[in-house]
Amino acid sequence: MPRDLRNSDEQLWGNSLSAVSLPVPVISGLARGADETAHRAALRHRVLTVAVLPSGVDHPYPADNRHLAERIIEDGGAVISEFPPGTSAGRQRFLDRNRIIAALGSGSLIVEAGAVSGTLSEARHAYRLGRVLTAVPGTPGADKLIADGMAFPMLGSADLDALHHSGVESS
């Protein structure tokens, strides 16, 4: 069962962002759980964050994260979408959003993923684009990415720092 990343893990995200001396923006989907936790930690630690929406920017999804979207913009981040205003979220649009998230970053960190999940679509896009792909072990999808050799295991901020200094780069 995936971990609840809304509470104590926000502090863990923040500690990781602070401990790693890399200028790495947080690019995520504004969804409940891991996405919103990553955005909140980035805001708290003054790290640039970008929310990619599966809807028009005038209809943030989920609607209860509208205030988070506003705060991202107020703090100098961005809320973006490839969809025109008035567009509501839909199944295919989540997959499109994942493609954009993978393309914008130099790498992807998969915090949790079910055996069948939209998160895995982001991971596949990142892998195909030659991005550095890392995954936190402990959920079926993340464990499979690691076992299949698509992702490096991420056990803590020291792993991210070691990965960066090992010369592993992405295009």
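Cut-offs used in this document
- Residues numbered from 1 in each chain as written.
- Predicted model: local features only at pLDDT ≥ 70, side-chain atom pairs only at ≥ 80, totals over all residues.
- Heavy atoms only, no water.
- Helix = DSSP H or I, 4+ residues; strand = E, 2+ residues; numbered from the N terminus.
- Buried < 20%, exposed > 50% of the residue type's maximum accessible area, 1.4 Å probe, protein only.
- Salt bridge = Lys/Arg side-chain N within 4 Å of Asp/Glu carboxyl O.
- Pairing = 2+ DSSP bridges.
- Axes fitted to C-alpha atoms, helices over the stretch in contact; angles between N-to-C directions.
- Contact = heavy atoms within 4.5 Å.
- Right-handed = clockwise from strand over helix to strand, strands pointing away.
- Polar contact = N/O pair within 3.5 Å; in protein donor to acceptor, adjacent residues only side chain to side chain.

Peer 1: Tell me what's going on with the environment of Leu129, and back it up with residues and numbers.
Peer 2: When you line up the elements, Leu129 lands in the loop between helix 5 (118–128) and strand 5 (132–135). Overall, the relative accessible area of 36% leaves Leu129 in the partly exposed class. Linking Leu129 and Ala103, residues 26 residues apart in sequence, is a C-alpha distance of 7.3 Å.

Peer 1: Can you break down the pattern of salt bridges residue by residue, with the values?
Peer 2: A full pass over the atoms with the stated rule returns five salt bridges. One salt bridge connects Arg40 with Glu36, and the closest N-O pair in it is separated by 3.8 Å. You can see Arg40 and its partner Glu36 sitting in helix 2 (residues 34–44), four residues apart, about one turn around the helix. Of the residues examined, Arg40 reaches a relative accessible area of 31% and is grouped as partly exposed. Of the residues examined, Glu36 reaches a relative accessible area of 6% and is grouped as buried. With a shortest N-O distance of 3.9 Å, Arg71 and Asp75 are connected by a salt bridge. Residue class for Arg71 comes out partly exposed when judged on its relative accessible area of 36%.

Peer 1: Give me the sheet that holds strand 3 (residues 78–80): which residues, what numbers.
Peer 2: Pairing in this open sheet of three strands is parallel, and the strands run 1-2-3 from one edge to the other. Each edge of the sheet is formed by a strand with only one pairing partner; in this case those strands are strand 1 (26–28) and strand 3. On average, each strand axis in the sheet is tilted by 15° relative to the strand beside it, whichever way the strands run. Bridging between strand 2 (residues 49–52) and strand 3 involves three bridges; their strand directions are parallel. Counterpart to Ala51 in the pairing with strand 3 is Val79. Strand contacts of helix 3 (residues 66–74): strand 2 and strand 3, with the helix running at about 125° to strand 3, the strand carrying the most contacts.

Peer 1: I'd love a proper account of the pairing of strand 4 (residues 107–110), names of residues and values included.
Peer 2: The two faces of strand 4 differ: Ser108 and Ile110 on one face are buried, but Gly107 and Leu109 on the other face are not. The pairing of strand 4 with strand 5 spans four bridges and is parallel. Bridge assignment links Leu109 to a residue of strand 5, and that residue is Thr134. Tracing the backbone out of strand 4, into helix 5 and back to the parallel element strand 5 gives a crossover that is right-handed.

Peer 1: Which residues make up the side chain of Ser28, and what are the values?
Peer 2: With respect to the helices and strands, the residue Ser28 is situated in strand 1. In terms of polar contacts, Ser28 uses its side chain to reach the side chain of Asp35, at 2.6 Å. The residues touching Ser28, leaving out its near neighbours within four places in the chain, are Asp35, His39, Val50, Ala51, Val52 and Ile101.

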